[in-house]
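# Inside the fold
If you want the building blocks of each chain, they are given just below.
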Amino acid sequence: MAITVLELFKVLPRTNCGECGVSTCLAFATQVIKEGEDLAKCPYLSGEALRLAEQVKGQQEQGVGRRRESLAIALEALQEKVAPLDFAALAPGLGALAGESGGRPFLEIPYFGHRLTVFKDQVRYPPEAAADPWDAILLYNYIASQGAGEPGGTWIAYKTLPNSVSKAKTMARLEGKLADHFAGRAEELRQRSLALGGGPAQVGEGAQVQMVFQPLPKLPVLLLFWEAEPEEGFQAQAHLLLDNRVLDFLDLESILFLVERLLGHLMEENEERPENG
Ligand code: SF4
């Protein structure tokens, strides 16, 4: 039987010390079971938790295998979907450049400051960017949208998008993770945002960090961060807002992945600054 979040939580020290990088043992248990986080990041494992460690690892490995398989299937389906599209005609609408190599059309798409070359059956990454099938899925989804229309210019929360109820929790968890990570370090978040190509904005009332990112040409993301105020009993908070036309360019799942990628870049220690694209 698979170990559940609650079962793991029960055998953790439950002191919420935060040394594993998240603020509560429950959040940590969720990350281990749902996202494959390394259980050993809790330095206080003992007794039953240590006994479960091997089983958790096995469960995580099985999950990775299953995810890889379904990603490969999804990727293939998307490549079939974009195969009949005219890349050259679509390029302007997608904010991309069109080209051809050996008779194979491609689109060069700015993505988190890198320029990725997307053929109909392959994505080529620059040497400094690591390949990930999720990036490819997201890019093919973006191309499949055909870039019709323009961003609407109004910021909205993910949870207000149609049919987002089941996934909105993931977005809230990502926002919580970002807030926990940068609590007490607003200036560091500002500097990292600037290094990642973020532009200062003035939108959220009282937010100490307000940055607009452009991870894909038609997909702006607004980050708002409020610092903790312990004397007032407020924890640090982060919100990630999207353009109201975002679903014209990406599906719900890809949007979450895009936000996760953004967080990964912001929270990565020793992250190098990508070239501006
Ligand atoms: S390090 Fe361990 S005890 Fe501390 S919050 Fe994380 S899981 Fe809980």
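Everything quoted here is computed from the prediction, not taken from an experiment. (Residues numbered from 1 in each chain as written. Predicted model: local features only at pLDDT ≥ 70, side-chain atom pairs only at ≥ 80, totals over all residues. Heavy atoms only, no water.)

### Side note on the side chain of Asn141
What counts, and what does not: Every helix listed is a DSSP run of H or I at least four residues long, and every strand listed is a run of E at least two residues long, numbered separately from the N terminus. In the analysis that follows, any N or O atom pair within 3.5 Å is treated as a polar contact, provided that within protein one partner can donate a hydrogen and the other can accept it, and provided that, for residues neighboring in sequence, both atoms belong to side chains. In what follows, a contact means two residues having at least one pair of non-hydrogen atoms within 4.5 Å.
With respect to the helices and strands, the residue Asn141 is situated in helix H5 (residues 133–144). Polar side-chain contacts of Asn141 include one of 3.0 Å to the side chain of Ser254. With near-sequence residues (within four places) excluded, Asn141 lies in contact with Leu78, Phe249, Leu250, Asp251 and Ser254.

### Quick look at empty space enclosed by the protein
Filter applied, for reference: Definitions used for this entry: grid spacing 1 Å over protein atoms alone; cavity, a set of points where a 1.4 Å probe fits but cannot get out; pocket, an open set with protein on both sides within 12 Å along at least 5 of 7 lines; lining residue, one with an atom within 4 Å of a point. Grid points are joined across faces, edges and corners, and a volume is the space filled by probe spheres set on the points.
Counting across every chain of the model gives one cavity of 30 Å³ or more. Its volume calculated, the largest cavity comes out at about 80 Å³. If you trace the largest cavity, you find 15 residues lining it, with Cys17, Gly18, Cys20, Cys25 and Cys42 closest to the centre.

### A word on the domain arrangement of the protein chain
Here is the rule: Residue ranges assigned to each domain were obtained from an automatic or database domain assignment.
One can read the domain layout of the protein chain as domain 1 (5–74), domain 2 (77–144) and domain 3 (155–267). Distance between the C-alpha centres of domain 1 and domain 3: 25 Å.

### Overview of the sheet that holds strand E1 (residues 97–101)
The following threshold applies: At least two DSSP bridges between two strands are required for those strands to pair.
Read across the sheet, four strands follow the order E1-E2-E3-E4 without closing on themselves; strand pairing throughout is antiparallel. Lying at the two open borders of the sheet, with one neighbouring strand each, are E1 and strand E4 (123–124). Where E1 meets strand E2 (residues 104–111), five bridges bridge the pair, whose relative direction is antiparallel. Residue pairing for E2: Leu97 is matched across the bridge by Glu108.

### Quick look at helix H3 (residues 47–82)
Inclusion rule: Helix span is expected to be 1.5 Å times the residue number reduced by one. What we call the bend at a residue is the angle made by axes fitted to the seven residues finishing there and the seven residues starting there. We call a residue buried when its accessible area falls under 20% of the maximum for its residue type, exposed when it is over 50%, and partly exposed in between, using a 1.4 Å probe and counting protein chains only.
Taking 1.5 Å per residue as the helical rise, H3 with its 36 residues ought to reach 52 Å, and the 52 Å between its terminal C-alpha atoms agrees with that figure. Of all the bends in H3, the greatest, near 35°, is centred on Ala53. Considered for burial, the residues of H3 that qualify are Ala49, Leu52, Val56, Gln60, Gly63, Leu71, Leu75, Leu78, Gln79 and Val82. Summarising the contacts, the buried residues of H3 are in contact with helix H1 (5–11), helix H2 (25–35), helix H4 (87–94) and H5.

### Topic: the packing of helix H6 (residues 165–182) against helix H8 (residues 252–267)
Think of two packed helices as two axes; the pair is described by the angle between the axes and how far apart they sit. Using the following cut-off: Between N-to-C directions, angles cover 0 to 180 degrees, with each direction set by a line fitted to C-alpha atoms, over the stretch in contact for helices. Roughly parallel covers angles under 35 degrees, roughly antiparallel covers those over 145, roughly perpendicular covers 65 to 115, and oblique covers all other angles. Charged residues are taken to be Asp, Glu, Lys and Arg, nonpolar residues to be Ala, Val, Leu, Ile, Met, Phe, Trp, Tyr, Cys and Pro, and polar residues to be all remaining types, Gly included.
At a closest axis distance of 11 Å, the pairing of H6 and H8 adopts a crossing angle of 10°. Judged by the angle between their axes, H6 and H8 are roughly parallel. Contact residues: Lys167, Thr170, Met171, Leu174, Lys177, Leu178, His181 and Phe182 in H6; Leu252, Glu253, Leu256, Val259, Glu260, Leu263, Leu266 and Met267 in H8. Broken down by class, the residue content of the contact of H6 with H8 amounts to 10 nonpolar, two polar and four charged.

### Looking at the environment of Pro151
Relative to the helices and strands, Pro151 is located in the loop between H5 and strand E5 (155–157). Each C-alpha atom, one on Pro151 and one on Leu219, is 7.4 Å from the other, the two residues being 68 residues apart in sequence.

### Comments concerning the site of the ligand
Note the threshold: To be near a molecule or strand, a residue needs just one of its heavy atoms within 4 Å of it. Pocket or cavity membership: a molecule qualifies when more than half of its atoms sit within 2 Å of the grid points of that site.
Neighbouring the ligand are the residues Pro13, Thr15, Asn16, Cys17, Gly18, Glu19, Cys20, Cys25, Phe28, Cys42 and Pro43. When each cavity is represented as a set of grid points, the ligand is found to reside in the largest cavity. Residue composition of the shell around the ligand, grouped by class: seven nonpolar, three polar and one charged.

### Structural notes on the packing of aromatic side chains
This is how the line gets drawn: Only rings of Phe, Tyr and Trp enter the pairing, Trp through its six-membered ring, and a pair is recorded when the two centres are within 6.5 Å. The plane angle decides the type: under 30 degrees is stacked, over 60 is edge-to-face, the rest tilted. Note on geometry: a ring has a charge over it if NZ (lysine) or CZ (arginine) is within 6 Å of the ring centre and within 35 degrees of the ring normal.
Evaluation of the coordinates by the stated rule reveals three aromatic pairs. Between Trp134 and Phe257, the ring centres sit 5.3 Å apart and the planes meet at 20°, which makes this aromatic pair stacked. Of this pair, Trp134 sits in helix H5 while Phe257 is found in helix H8, placing the two residues 123 residues apart along the sequence. The aromatic ring of Phe119 is capped on one face by Arg104, whose charged end is 4.2 Å from the ring centroid.

### Observations regarding the pairing of strand E7 (residues 209–216)
Most of E7 is tucked away: six of the eight residues are buried. As judged from the two bridges shared by strand E6 (residues 199–200) and E7, these two strands associate in the antiparallel manner. Across the sheet, residue Gly199 finds its bridge partner in E7, namely Val212. Pairing of E7 with strand E8 (residues 219–226) involves six bridges; the strand directions are antiparallel. Bridge assignment links Met211 to a residue of E8, and that residue is Leu223. The loop that links E7 with its antiparallel partner E8 comprises two residues.

### Remarks on the layout of surface pockets
Of the volumes computed, that of the second largest pocket is approximately 290 Å³. If you go around the second largest pocket, you meet 17 residues; those closest to its centre are Ala172, Arg173, Gly176, Lys177 and Asp180. Breaking the lining of the second largest pocket down by element, the ones donating at least two residues are H2, H6 and strand E9 (237–243). In terms of residues, the lining of the second largest pocket owes the most to one element, H6, which gives seven residues. Grouping the amino acids of the lining of the second largest pocket by side-chain chemistry returns six nonpolar, seven polar and four charged. Shared between two domains, the lining of the second largest pocket takes at least three residues from each, and those domains are domain 1 (5–74) and domain 3 (155–267).

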